[in-house]
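# Coordinates in review
The primary structure of each chain is shown beneath.
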Amino acid sequence: MARPPAACGRAGSTGAALTAMLRVSGVSKRFGGLTVLRSVSFQVAEGAIVGLIGPNGSGKTTLFNVITGFHPPDGGDVVFMGRRLVGLAPFEIARTGIARTFQVVRPFAGLTTADNVAAAVLYGRGARHVREARAEARHWLQYVRLEGAADAAVSALTLGEKKRLELARALATGPRLLLLDEVFAGLNPAESAGAVDLVRRVRDDLRITVLLVEHVLRIVMGLCEHVVVLGSGQVIAQGPPVAIQADPQVRHIYLGEGYGAAG
Amino acid sequence: MAQVLQALVTGLLTGSVYALLGAGFSLIWGVAHVINIVHPALAVGAAYAVYLLAARGVDPLASLAVVVPLFFLLGVGFYEGVIRPAARRGGDLVLVSMVLTFGLAAALENVLAAVWGPGPRVVNVAYTGRAVQLGVLALPITHLAGAGLATVTIAALYLFLHKTFPGKAVRAVWQNPEGAALCAINLRQVTSLTYGLAIASAGVAGVALALIYSFSPASHLMWLVFVFLVVIVGGVGSLVGVVVAGMLVGALTNLSTLVIPFAWAPFFLFASLGVLLLLRPTGLFRR
Amino acid sequence: MSRAVAAGLAVVLLIFPWVGTGEYPLALLYSTFMYVALAVAWNVIGGFAGYLSFGHAAFFGLGGYTTGFFLVRAGLSPFLTAPLGAAVAAAFAALAGYPCLRLRGPYFAVVTMILGLAVRAVVLNLPWTGAAEGLWMTLPPWEPIVARRAFYYAMLAVALVTVLAGRAVRLGKIGVGLEAIREDEEAAQSIGVPVVRLKMSALILSAGLTGLAGGIYAYDRSYIHPDFMFDLHLSVLAVLMALLGGRQSWAGPILGAVVVRLVDEALTVRVGTEAARIIFGLGLALVIVLLPDGVLPYLERLRWRAPRPPAAVPAAQARP
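Residues numbered from 1 in each chain as written. Chains lettered and ligands numbered in written order. Predicted model: local features only at pLDDT ≥ 70, side-chain atom pairs only at ≥ 80, totals over all residues. Heavy atoms only, no water.

## Things to note about the overall build of chain B
Selection criterion: Helix numbering and strand numbering both begin at the N terminus, where a helix is a DSSP run of H or I of at least 4 residues and a strand a DSSP run of E of at least 2. Throughout, the radius of gyration refers to the C-alpha atoms, and the reference size of a globule is 2.2 Å times the residue count to the power 0.38. Here the open area of atoms and residues is found with the Shrake-Rupley method and a 1.4 Å probe, where only the protein chains shown may cover a residue.
When you go through chain B residue by residue, the secondary structure sums to 11 helices and 2 strands. The N-to-C order of helical and strand elements in chain B reads α-α-α-α-β-β-α-α-α-α-α-α-α. At 19 Å, chain B has a C-alpha radius of gyration in line with the 19 Å of a compact globule built from 287 residues. Referenced to the eigenvectors of the C-alpha coordinate spread, the extents of chain B come out at roughly 55 × 50 × 35 Å. Accessible area for chain B stands at about 11,500 Å²; split by element, carbon and sulfur atoms hold 70% of it.

Printed below as a string of structure tokens:
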């Protein structure tokens, strides 16, 4: 079932053969007088892991919110697998096959871990029966290695576990595209490595395309085949990690002088 | 035209009393996160205190000397003795406070009914029934006194909130509790003070309403409706918003009786609230 | 065990009116059934979805007034008017609920309370509702005990329908969706929960069931007036009963309703209505301060505290 790891190697091997699954074109968003996104365009190829980076306040999370329908854009278009998303309610967009996690984890605190995921099975994929959904929820909890905490209250989980729970909840909706908003932030090195591995498995085993916002550049450069750089609400650069690392504009605006040494 | 003007001015006068009640209610809502259902019931309680004193020859305005300190202490005591312990036990404070203060309002209503009976009462003073003629306008002195009282109290609240240090602390918490906590504001003191002031202002509003209206133990329900309307329209966290909303509700209620049958006035009022909510569901509450 | 208990209870309740029972116990149980229906119906929107309505008296009163109106003006049978009352209450919820449900937290609570008081004010001023004089209906010429039995069964049916509906919602797919909404609406949207549709449905169902109870109650009283059909007390009572029993479960509100009804009755009988309301109001305040999460969770906590064998380590599940 899984594609051989070699086939999903870094830059280069992806690209031409893959079609654009998500097409963001000319998206603008203003909050009051503040323009947060101006004419942002980029594409996410099917089967890719795409990184979205940029300094704080550059509009990354807003872009996620525009794609998922929480903030309708003021201009521009978002097309997912041939379908226009602008104008759809967030729950409808979720049902087209886009799942997301939140920058600050937002599990359903009053539900058990298993029911958090069962809700996603019920509504994301249209399962009818709670009992079946709960059974399937256990499968997804196993996938993110939370099977021991199925009946635990969410409040008993660590941050890393909550993040994995959110990932399981997103996966349980049966997405084709997964938007991850800083899933690695706040994790210790071991958890972080596990999470990177998990994201790879999601793409390789489940064939889910991934678009992720991340601050730790080492992770982005190691994990993604394509990187989009946002600055002040605009796309400054995009391309394979190697090209991004070499881009003088990006180095100047975002990476700073220290990056070469740290990387 | 004279009729419209008369309705408008009388509406604004009563609106100032709505605004005063609304201001205290909004302060408690914003600072203590308590929906103080008992607020108008306390005002009605103050009206009965005025009634009691007036029967012994004390002018309503003079009764303020008793009502204000008494209600301030009542407010502080209520916060320290009831609300704070309740809040510390956890649970949903909105829910807990609404049920709690409704229970107190119901108890107070029935105590008043047990002592004075359920019927309406009127406070009679020397100037009841007399009016000041101002061009085409006839303004009852009691209305002027009540509105004047409300205006002075609101102005005092405004000065307190904007010019004094404890007042600024209250305003900071009112507008942004988390931010205020970061500035090392003593939340307990501020909330306690707010409760005292808000309840004292309800006492003043009760004196004003005793001057203007007849009242019965159950009339706090009607006042509750107006307080809600004023705070929903004016928003929580802004004294100016509440004052404008109070005037607006007062004027609209009065003016609407000119153009539509009296029976439909409440319907009109609530329908316009519904439309307002539909058009600006969250915008109304933005500070 | 619970199924056997439920069946036993059903049998007892069904034969109860025929074992030489007088009018008073029947009336007491009748009103208890009504409280159960109100609490369970309220809990669908207030407990499961977490939208704290303080205006359910509006739905109750609308159900009652619809019954009164069609009985008096159109001579319809009460078997028709009560469901009609439910429909009117549900329709009103659909209309008024849309703007209200865009509000959250305290704003929703306050606006629904306004709504409850507003409907009362409007009905009080409309001539064709009998306005402040109220509305008289004529009951069929039944003997008192016959009437009590009939209304006993009618309200039992309403309570049963309400409890079954509440249980089905809670244990089914919708219940999980409503819980997700209660916890976090945006996260719920992100996994495909149709938030607006679901909470509207919950409110409409809750309102309809409340209206149904109101319809039966109105016919039983045969005289209705806004003061008690749209009583704010009723709105808060519904909240209190659900709260007291526990809002997360479908059965909690039943317990809360029975407790509240019996305490209310005992007080009214002992000290009279006015004093009862004073004590009740203060008691309300006390209970809510002491048990903000209700009795049921508290009892459960007590049970958990009781000594029990060391918890078994959950068996590790084999990975496929």
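## Re the confidence of the model for chain A
All names here are of chain A. Filter applied, for reference: The pLDDT value tells you how sure the predictor is about a given residue, anywhere from 0 up to 100. Contact criterion: two residues are considered in contact whenever any of their non-hydrogen atoms come within 4.5 Å of each other.
The predicted model of chain A averages 86 in pLDDT, with 89% of residues at 70 or higher. The model gives residues 1–17 a pLDDT under 50, and that stretch makes 22 contacts with residues more than four places away or in other chains. Predicted confidence is poor over residues 258–263, with pLDDT under 50, and the contacts of this stretch with residues over four places away or in other chains come to 4 contacts.

## Quick notes on the pattern of salt bridges
Short version of the rule: The salt bridge criterion pairs a side-chain nitrogen of Lys or Arg with a carboxyl oxygen of Asp or Glu, the two atoms within 4 Å.
Applying the stated rule across the entire model yields 21 salt bridges over all chains. Among the ionic pairs, R182 of chain C bridges to E183 of chain C, the shortest N-O distance being 3.1 Å.

## So, the nonpolar core
Rules: Buried Ala, Val, Leu, Ile, Met, Phe, Trp, Tyr and Cys residues that are joined via side-chain atoms within 4.5 Å together make up what is termed a nonpolar core. Any residue under 20% of the maximum accessible area for its type is buried, any over 50% is exposed, and the rest in between are partly exposed; the area is computed with a 1.4 Å probe on protein chains only. The start and end points of each domain follow an automatic or database-based domain assignment.
Ranked by size, the top nonpolar core spans 249 residues in total, and within it L178 of chain A together with F54 of chain C carry the most contacts. For this core, the two domains that each supply at least three residues are domain 1 (20–97 + 175–263) and domain 2 (109–174) of chain A. In this structure, L178 of chain A is in contact with A99, L167, A170, L171, V202, I208, T209, V210 and L211 of chain A, ignoring residues within four places of it in sequence. Counting residues in each nonpolar core, the second largest holds 27 residues, with A48, L52, L63 and L230 of chain A among its members.

## Comments concerning unusual backbone geometry
Its identity as a non-glycine residue notwithstanding, E182 of chain A has a phi of 55°, on the positive side. Along the chain, E182 of chain A falls in the loop between β7 (177–181) and α6 (189–206). One non-glycine residue, S222 of chain C, lies in the positive phi region at around 60°. Its location among the elements puts S222 of chain C in the loop between α9 (195–221) and β2 (223–224).

## Observations concerning a nonpolar patch on the surface
Residues and elements named next belong to chain B. To keep it simple, the criterion reads: The patch calculation keeps residues exceeding 30% relative accessible area without a salt bridge and links them within 9 Å when they carry like charges or within 5 Å when they are nonpolar (Val, Leu, Ile, Met, Phe, Trp, Tyr).
On the surface, a nonpolar cluster with roughly 430 Å² of combined accessible area is contributed by M1, V4, L258 and V259. Positionally, M1 belongs in the segment before α1 (2–32). Residue M1 is classed as exposed on the basis of its relative accessible area, which comes to 77%.

## Concerning the domain arrangement of chain A
Residues and elements named next belong to chain A. Applicable threshold: Buried surface area refers to the total accessible area, computed with a probe of radius 1.4 Å, that the two partners give up upon joining, counted for both partners together. By the criterion applied in these results, polar contacts are pairs of N or O atoms within 3.5 Å in which, for protein atoms, one can donate a hydrogen and the other can accept it, and in which residues neighboring in sequence qualify only through two side-chain atoms.
On domain assignment, one finds that chain A holds domain 1 (20–97 + 175–263) and domain 2 (109–174). Computed from C-alpha coordinates alone, the two centres of domain 1 and domain 2 are separated by 25 Å. Taken together, the contact pairs 19 residues of domain 1 with 16 residues of domain 2. Where domain 1 abuts domain 2, roughly 1,300 Å² becomes buried across the two surfaces, and 62% of that area is made up of carbon and sulfur atoms. Per-residue buried area on domain 1 facing domain 2 is highest for R95, P175 and L198; these three make up 36% of the total on that side. Put simply, domain 1 and domain 2 have 0 salt bridges between them. Here domain 1 is connected to domain 2 by 4 residue pairs in polar contact (both at pLDDT 80 or more). Contributions of two or more residues to the side of domain 1 that touches domain 2 are made by β7 and α6. Ranked by the residues each element gives to the side of domain 1 that touches domain 2, the list is headed by α6, at 7 residues.

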